[in-house]
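These are the residues of each chain, in order.
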Amino acid sequence: MWNLIKELKRKDHQRYLGGLDFFKYIGPGLLVTVGFIDPGNWASNFAAGSEFGYTLLWVVTLSTVMLIVLQHNVAHLGIVTGLCLSEAATRYTPRWVSRPVLGSAVLASISTSLAEILGGAIALQMLVGMPVVWGALLTAALVVILLFTNSYRRIERSIIGFVSVIGLSFLYELFLVDIDWPLAARSWVVPDIPEGSLLIIMSVLGAVVMPHNLFLHSEVVQSRECNKGDDRSIRRLLKYEFYDTLFSMGVGWAINSAMILLAASTFFANGVQVEELQQAQSLLDPLLGSQAGTIFALALLMAGLSSTVTSGMAAGSIFAGMFGESYHIKDIHSRVGVLLSLGVALLVIFFISDPFQGLIISQMILSMQLPFTVFLQVGLTSSRRVMGEYANSRWSTFVLYAIAVVVSVLNLMLLFS
C-alpha cells in the first residue's frame, strides 16, 4: 500500500513537471516577437491609427495569422533538419535560386536595421537632444558590443525583458483612454482599404511579417537543441514550439493593436496626423503626466536596441548560411553579415531627411521582399527530400502559397497605385 502511494505521488510529480515543460521552450518566439514591436512598427501603427482610425486593425489581425503560420512552418525546418532557412536554401536549391533570394533577404535585413537604428537615434534625440546621425552611430556601436561580447542566452533574457516593459506600457494605456470597442472589434475582422491607405497597409504588413524573422526563427529555435533525431523527441518539440509561437505572436498582436487603438482614440479622434514619433509621446500623458516624454523615449530606445540586436543576428544567420554555416558570432561570415547590415543601414541614414517617413518606407520594402522568402521557405518545407515524413501536407502547402500570393497581390496593387 505504501509503495502504491509513493508511485502515485511520483506520477503526479511527473505530470506537474510535464505541465511546466512549456516554459522551458518559451524564448525563440519572444525573441522573434521583438522584430515586430520595433520602431518601424511604432511608426506604421501610429500612422495607421492617426490617419485612418480603427479601420486598419484588420491588417494587424491578418498579418499576425500569416505570421503564426509562417513562423511555425519555418521553425519546423530548423527542428527537423538542424539547418536554418539560409543553410537549407544553400544546400537544397540551385545557386541561381538561392543566391538572389538570400541576397535580397540581406537587403531586407539592412532595411530592418535602418528602422531599428533610426528608432534608437530618435529616442536619444528625445532624451538628450543628440542629433539623429550621432544617435544612430551610438545605437549601432552599442548593438555591436552586445552582439560581439554577450552570449546568446544573456541577449535573449534582456530582449524578453525589453518586450515586457514596452508591452505592459501600451496595454495598460488601453484602460486610461476612451476606446470604441464595438467598432474596434469589427475593424479587427472586416477588411477595408480606404483611399490612400495602401502604403500604410503595406508598411503595417511588412512591419509584422518580416522576412529576416523567418531566417532568425529557424536559427534560434536550434538553441533548444531541437534536432534530436528520434521521432518522439521531434514531435514533442514541434508541439511545444507551436505553443511558444502562438503565445509570442499573440503578445505581438496585442501590443501592435494597442498602438493603433491608442493612436485612433487620441490623434484620429482629434484630427491630428502623426508625422514624427515625438508626437506619440503624448499617448503616455494620462499615465505618467510630465514624465511621459522621458518614459516614451526610454521605451523607444529599448525597442530600438533590442530589435537591432535581432536584425543583426538575422543578417549574420543569412550571410553565414550562404556559406553553409550556422550563425556564430565568432565565425567570420556571421560577423561580416552583422557588420554589413548595421554598416550599410548607418550609411543610408546619413542621407535621410525625414526619419519618420524613412521608417514607413523601410517597412514597405520588407513587405516587397517577403513573397520571395515565403516561396523559398514553402518549397523547402514541402520537399520530402528536405523534410522527410515531416514535409508539409497538401493543405499546409496550399495555405502557405496562398499567403505568398496575397502579399504579392498587395505589392502589385501598391506598385500600380
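Conventions we followed
- Residues numbered from 1 in each chain as written.
- Predicted model: local features only at pLDDT ≥ 70, side-chain atom pairs only at ≥ 80, totals over all residues.
- Heavy atoms only, no water.
- Helix = DSSP H or I, 4+ residues; strand = E, 2+ residues; numbered from the N terminus.
- Buried < 20%, exposed > 50% of the residue type's maximum accessible area, 1.4 Å probe, protein only.
- Patch = residues over 30% accessible without salt bridge, like charges linked within 9 Å, V, L, I, M, F, W, Y side chains within 5 Å.
- Areas by Shrake-Rupley, 256 points an atom, 1.4 Å probe, with all protein chains shown as cover.
- Salt bridge = Lys/Arg side-chain N within 4 Å of Asp/Glu carboxyl O.
- Arc of directions from axis to C-beta.
- Contact = heavy atoms within 4.5 Å.
- Phe/Tyr/Trp six-rings, centres within 6.5 Å; stacked < 30°, edge-to-face > 60°.
- 1 Å grid on protein atoms, 1.4 Å probe; cavity = no way out; pocket = protein on both sides within 12 Å on 5 of 7 lines; lining within 4 Å.
- Points joined across faces, edges and corners; volume = space filled by probe spheres on them.
- Expected span 1.5 Å × (residues − 1).
- pLDDT = per-residue confidence, 0-100.
- Axes fitted to C-alpha atoms, helices over the stretch in contact; angles between N-to-C directions.
- Parallel < 35°, antiparallel > 145°, perpendicular 65-115°, else oblique.
- Left-handed = near helix turned anticlockwise from the far one by under 90°.
- Nonpolar A, V, L, I, M, F, W, Y, C, P; charged D, E, K, R; others polar.

1. Let's talk about the overall build of the protein chain
Thought 1: Helix and strand content of the protein chain: 18 helices and 0 strands.
Thought 2: The burial tally for the protein chain puts 56% of its 417 residues in the buried class.

2. Considerations on a nonpolar patch on the surface
Thought 1: Together, Val133, Trp134, Leu137, Leu347, Phe350 and Phe351 make up a nonpolar patch on the protein surface, roughly 630 Å² of accessible area in all.
Thought 2: When residues in the nonpolar patch are grouped by element, the largest group, 3 residues, is from helix 7 (residues 132-149).
Thought 3: Within the secondary structure layout, Phe351 lies in the loop between helix 15 (332-349) and helix 16 (355-381).
Thought 4: Phe351 sits in the exposed class, given a relative accessible area of 68%.

3. Quick notes on helix 9 (residues 181-189)
Thought 1: When we look at burial in helix 9, the residues that qualify are Ala184, Ser187 and Trp188. Take helix 9 and look down its axis: the buried residues cluster within an arc of 105°, on one side only. Exposed positions of helix 9 whose direction lies more than 90 degrees from the buried face are Pro182 and Val189.

4. Notes on the side chain of Thr308
Thought 1: Note that Thr308 resides in helix 14 (residues 292-321).
Thought 2: Setting aside residues no more than four positions away along its own chain, Thr308 makes contact with Glu116, Ile117, Val143 and Leu342.

5. Observations concerning the packing of aromatic side chains
Thought 1: Across all of its chains, the model carries 5 aromatic pairs by this definition.
Thought 2: Taking 6.5 Å as the distance between ring centres and 25° as the angle between the ring planes, the aromatic pair formed by Trp181 and Trp188 counts as stacked.
Thought 3: In this structure Trp181 comes out as partly exposed when scored by relative accessible area, which is 41%.
Thought 4: For Trp188, a relative accessible area of 15% puts it in the buried group.

6. Observations regarding the layout of surface pockets
Thought 1: Taken as a whole, the second largest pocket encloses approximately 270 Å³ of empty space.
Thought 2: The wall of the second largest pocket is formed by 17 residues, among which His72, Asn73, His76, Asn392 and Ser396 lie closest to the centre.
Thought 3: Of all the secondary structure elements, the ones that give two or more residues to the lining of the second largest pocket are helix 4 (57-81), helix 12 (231-266) and helix 18 (394-416).
Thought 4: When residues of the lining of the second largest pocket are assigned to their parent elements, the largest contribution, 5 residues, is made by helix 4.

7. So, the environment of Asn213
Thought 1: Looking at where Asn213 falls in the secondary structure, it is placed in helix 11 (residues 211-220).
Thought 2: Sequence separation between Asn213 and Leu67 is 146 residues; the distance between their C-alpha atoms is 9.6 Å.

8. Overview of the environment of Thr112
Thought 1: Positionally, Thr112 belongs in helix 6 (residues 95-128).
Thought 2: Exposure remark for Thr112: the relative accessible area of 0% places this residue in the buried category.
Thought 3: For the pair Thr112 and Ala315, spaced 203 residues apart in sequence, the C-alpha to C-alpha distance is 9.8 Å.
Thought 4: If sequence neighbours within four positions are ignored, Thr112 has contacts with Met210, His212, Ser311 and Leu366.

9. Topic: helix 4
Structurally, the α-helix is built with 3.6 residues per turn, so residues lying three or four positions apart point the same way.
Thought 1: Taking 1.5 Å as the rise per residue, helix 4 with 25 residues should run 36 Å; its terminal C-alpha atoms sit 36 Å apart, in good agreement.
Thought 2: Remark: Gly82 follows helix 4 within two positions and exhibits a positive phi of approximately 75°.

10. What about the side chain of Ser383?
Thought 1: Tracing the sequence through the fold places Ser383 in the loop between helix 16 and helix 17 (384-387).
Thought 2: Setting aside anything within four residues of it in sequence, one finds Ser383 in contact with Gly388 and Ala391.

11. Describing the confidence of the model for the protein chain
Residues shown with low pLDDT carry predicted positions that ought not to be read at fine detail.
Thought 1: Per-residue confidence for the protein chain gives a mean pLDDT of 79; residues scoring 70 or more make up 79%.
Thought 2: Contacts for the low-pLDDT stretch residues 1-24, under 50 throughout, to residues beyond four places or in other chains number 8 contacts.

12. Some remarks on the packing of helix 6 against helix 15
Thought 1: Look at helix 6 against helix 15: their axes get within 8 Å of each other, and the N-to-C directions meet at 60°. If you check the angle between helix 6 and helix 15, you find them oblique. Crossing angle aside, the handedness with which helix 6 passes helix 15 is right-handed. Contacts from Val106, Ser109, Ile110, Ser113, Leu114, Ile117 and Leu118 in helix 6 reach Leu340, Ser341, Leu342, Val344, Ala345, Leu346, Val348 and Ile349 in helix 15.
Thought 2: Residues belonging to the contact of helix 6 with helix 15 are distributed by class as follows: 12 nonpolar, 3 polar and no charged.

13. Digging into the environment of Gly82
Thought 1: Here Gly82 is to be found in the loop between helix 4 and helix 5 (85-92).
Thought 2: Residue classification places Gly82 among the partly exposed residues on the basis of a relative accessible area of 22%.
Thought 3: When the C-alpha atoms of Gly82 and Glu219 are compared, they prove to be 8.7 Å apart, with 137 residues separating the residues in sequence.

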